[in-house]
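# Coordinate analysis (summary)
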Amino acid sequence: MGQDQTKQQIEKGLKLYQSNQTDKALNVWTKVLEKTSDPGGKFRVLGCLITAHSEMGKYKEMLKYALAQIDTAREMEDPDYLTEGYLNLARSNEKLCDFQKTVSYCKTCLNMQGTTVSLQLNGQVCLSMGNAFLGLSVFQKALESYEKALRYAHNNDDKMLECRVCCSLGNIYIQLKDYEKALFFPCKAAELVNDYGKGWSLKYRAMSQYHMSVAYRKLDRLPDAMECCEESMKIALQHGDRPLQALCLLNFADIHRCRSDVDLCTMKVHCLSEGIFRSRGQQEELREQVVKFLQCVEELELYCGMCGESIGERNQKLQALPCSHIFHLKCLQTNGTKGCPKCRQSSMKPGFV
C-alpha cells in the first residue's frame, strides 16, 4: 500500500471514528498498519490507534502502539516524529499511572532539538508532565508545569491546549481543597469551548463539564453538580469514552452520597451501567445490572402500581394521590375507577406533589 492509498484509508478510518463507528475505524487502521509501505503513514496510523485506545480506556494497548510508533520514528530519524512519539509514550505511561516514566519521557521530549513543529508540542509535553507530578503529589512542580503549558498555549494561540490545562488546574485545586479555584478553571475551559470550540471534538465539552461537576459537588451545589455530570455522561456514552463514563459514575455516586440518597445512588449506578453494557453488547454484564436495578426498584417501591413499570428511569408524567401512592398519569387516566388502584382509598383528588 503506497503513500496516497495509505492517506485515503487513514482518512476513511477517521470519518468512521468521528461518526462513532469505532470498531470499523479500528479495523481499517489495523489493515493499513499491516499493508502500508509508507513510514510516515505508518507513524500517523499508529497515532490514530493510540488516541482511540486511550479513549476506550485500553491503556496497555495504547502503550503497545506507542512503543511501535517510537520504533518507526527512530527508523525515520526525524526529530519531529521522535518528539511526538516520546510524547505519546509519556501519555501512555501517565494513563497507566507510571508517573516516573512519564516525567522521564517528557524530559526527553523537551531536550529534543526539533523544528517549530516539535516546539509546538512542548505545551502538551508540559501538560502531561504536570499531570504526572500531580499523580506523584508533587504539587509545586505540577503547578510549574501547568504554568509553562499555559504560556505555550497563549504564545501559540492554542485554545484546545488552554482548555485542557484549565481542566487539569481544576483537578489540582480539588486536591488542594481550594474549591473556588477548582470551579473557576473548568468554567474557563467551558467558556473556551463555547467561544472557540465549534469544530472541536465534544470530548472537550464533556471534560470541562465533568470537572465543573466535581467542583460544584465540593461546594455543596448539588443540583449544578448533577446537571453538569449528566451532560458529561451523555457525551461520554455517545462517544464511547469509557474512562470518562467511569469517572461520571463515581461522581454520580458521590453526589447522591452527599444527599444521603444511598439507595437512589445505587439505583442510578446500576441504571447507567446497564446503558453502558447494552451499548457494548455485553449480555452477561447487562443481565446482572438489570437484575440489580430491578431489585432497587422493588426495595424503593419505585414502580407504577397499575402497569408495573419502573418510575424514575426516564422522563415521564406522574401523578401522586392523597394517599401518597404514585402512578403514571396516563395509567390513571385510563383506569376508570374512583379509588386508588393500590390501596383502594376512595378519594381521587390529586395530591400536591
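For the structure, see preceding data.
Note that this is a predicted model, so its numbers are computed, not measured. As a convention, each chain's residues are numbered from 1 in the sequence order in which they are written. Residue-level local features of this predicted model are given only where pLDDT is at least 70; pairs of side-chain atoms are given and counted only at 80 or more, and the full residue set underlies all totals for whole chains, interfaces and linings. Hydrogens and water molecules were not included; the side-chain quantities draw on all heavy atoms of the structure.

### Topic: the overall build of the chain
- The secondary structure listing takes helices from DSSP runs of H or I that are at least 4 residues long and strands from runs of E that are at least 2 residues long, numbered from the N terminus. If you tally the helices and strands in the chain, you get 16 helices and two strands.
- Summary of the burial criterion: residues with accessible area below 20% of their type's maximum are buried, those above 50% are exposed, and those between are partly exposed, where the area comes from a 1.4 Å probe applied to protein chains only. Here the chain holds 353 residues, and 44% of them are scored as buried.
- Contacts were defined at the residue level, with two residues in contact if any of their heavy atoms lie within 4.5 Å. Counting only contacts in the chain whose residues sit at least 6 apart along the sequence, the fraction spanning at least 24 positions is 49%.
- Shrake-Rupley sampling with a 1.4 Å probe provides the accessible areas, and residues are treated as covered by the protein chains on show and by no other component. Of the roughly 19,000 Å² that the chain leaves accessible, carbon and sulfur atoms contribute 49%.

### Details of the environment of Arg221
- Positionally, Arg221 belongs in the loop between helix H11 (203-218) and helix H12 (222-239).
- Taking the C-alpha atoms as reference points, Arg221 and Ile255, 34 residues apart in sequence, are found 9.5 Å from one another.
- For Arg221, the contacting residues outside a window of four places in its chain are Leu183 and Tyr216.
- By the criterion applied in these results, polar contacts are pairs of N or O atoms within 3.5 Å in which, for protein atoms, one can donate a hydrogen and the other can accept it, and in which residues neighboring in sequence qualify only through two side-chain atoms. At 3.2 Å, the side chain of Arg221 and the side chain of Asp224 are in polar contact.

### Digging into H12
- Any helix carries an expected span of 1.5 Å times its number of residues minus one. Along its 18 residues, H12 runs 26 Å from first to last C-alpha, staying within 8% of the 26 Å computed at 1.5 Å per residue.
- Inspection of H12 places Leu222, Ala225, Met226, Cys228, Cys229, Ser232, Met233, Ile235 and Ala236 among the buried residues, and these make up the whole buried set.
- The first or second residue beyond H12 is Gly240, which carries a positive phi of 65°.

### Let's talk about the packing of helix H2 (residues 22-35) against helix H3 (residues 39-55)
- As a rule, the C-alpha atoms of each element are fitted with a line to give its axis, helices using only the stretch in contact, and angles between N-to-C directions run from 0 to 180 degrees. Here H2 crosses H3 at 145°, and the two axes come no closer than 9 Å. Viewed along their axes, H2 and H3 form a crossing whose handedness is left-handed. Taken together, the residues of H3 that come into contact with H2 (itself represented by Leu26, Trp29, Thr30, Val32 and Leu33) are Lys42, Val45, Leu46, Cys48, Leu49, Ala52 and His53.
- In this classification, the charged set is Asp, Glu, Lys and Arg, the nonpolar set is Ala, Val, Leu, Ile, Met, Phe, Trp, Tyr, Cys and Pro, and all remaining amino acids, among them Gly, are polar. Partitioned by chemical class, the residues of the contact of H2 with H3 number nine nonpolar, two polar and one charged. Should the near helix be turned anticlockwise from the far one by less than a right angle, the crossing is termed left-handed; should it be turned clockwise, right-handed.

### A closer look at the packing of aromatic side chains
- The aromatic pairing rule takes the rings of Phe, Tyr and Trp, using the six-membered ring of Trp, and pairs them if the centres are within 6.5 Å, calling planes under 30 degrees apart stacked, those over 60 edge-to-face and the rest tilted. Scanning all chains against the criterion turns up six aromatic pairs.
- Relative to Phe185, the ring of Phe184 lies with its centre 5.1 Å away and its plane at 80°, an arrangement referred to as edge-to-face.
- The class of Phe185 is buried, set by a relative accessible area of 17%.
- The cationic tip of Lys64 hangs over the ring face of Tyr65; the distance from NZ or CZ to the ring centre is 4.8 Å. The criterion is that NZ of a Lys, or CZ of an Arg, lies within 6 Å of the ring centre and within 35 degrees of the ring normal, and then a charge sits over that ring.

### Quick look at the pattern of salt bridges
- The term salt bridge refers to a side-chain nitrogen of Lys or Arg lying within 4 Å of a carboxyl oxygen of Asp or Glu. Evaluation of the coordinates by the stated rule reveals 12 salt bridges.
- For Lys203, the salt bridge goes to Glu55, with nearest N and O atoms at 3.2 Å. You can see Lys203 sitting in helix H11 and its partner Glu55 sitting in helix H3, a full 148 residues away along the chain.
- What makes Glu55 buried here is its relative accessible area of 17%.
- Put simply, Asp178 and Lys181 hold a salt bridge, and the shortest N to O gap is 3.4 Å.
- In the salt-bridge network here, residues are joined through shared partners; they are Asp157, Lys159 and Glu162.

### Examining the nonpolar core
- In these notes, a set of buried Ala, Val, Leu, Ile, Met, Phe, Trp, Tyr and Cys residues joined through side-chain atoms within 4.5 Å is what counts as a nonpolar core. In terms of nonpolar packing, the biggest core is built from 83 residues, with Trp29, Tyr146, Cys163, Val165, Leu169, Ile172 and Cys248 touching the most fellow members.
- Looking at this core, the element that brings in the most residues is helix H9 (residues 159-176), giving nine residues.
- Setting aside its immediate chain neighbours within four residues, Ile172 contacts Leu134, Phe139, Ala142, Leu143 and Tyr146.
- With five residues, the next largest nonpolar core counts Cys304, Cys331, Leu332 and Cys340 among its residues.

### Here we look at the environment of Cys48
- By the secondary structure assignment, Cys48 is in helix H3.
- In sequence terms Cys48 and Tyr65 are 17 residues apart; their C-alpha atoms lie 9.5 Å from each other.
- If we ignore the near neighbours within four places in the chain, the residues touching Cys48 are Ile10, Leu14 and Trp29.

### A closer look at the environment of Lys95
- The topology assignment puts Lys95 in helix H5 (residues 79-95).
- Between the alpha carbons of Lys95 and Lys58 there is a distance of 9.4 Å; along the sequence they are 37 residues apart.
- When residues no more than four places from it in sequence are discounted, the contact partners of Lys95 are Ser54, Tyr59 and Met62.

### A few points about unusual backbone geometry
- Not every positive phi belongs to a glycine, and Asp157 is a case in point at roughly 55°.
- Turning to its location among the elements, Asp157 is positioned in the loop between helix H8 (139-155) and H9.
- Of the residues examined, Asp157 reaches a relative accessible area of 54% and is grouped as exposed.
- Residue Asp220 is not a glycine yet carries a positive backbone phi of 65°.
- Structurally, Asp220 is set in the loop between H11 and H12.
- Judged by relative accessible area, Asp220 falls into the exposed class, the value being 57%.

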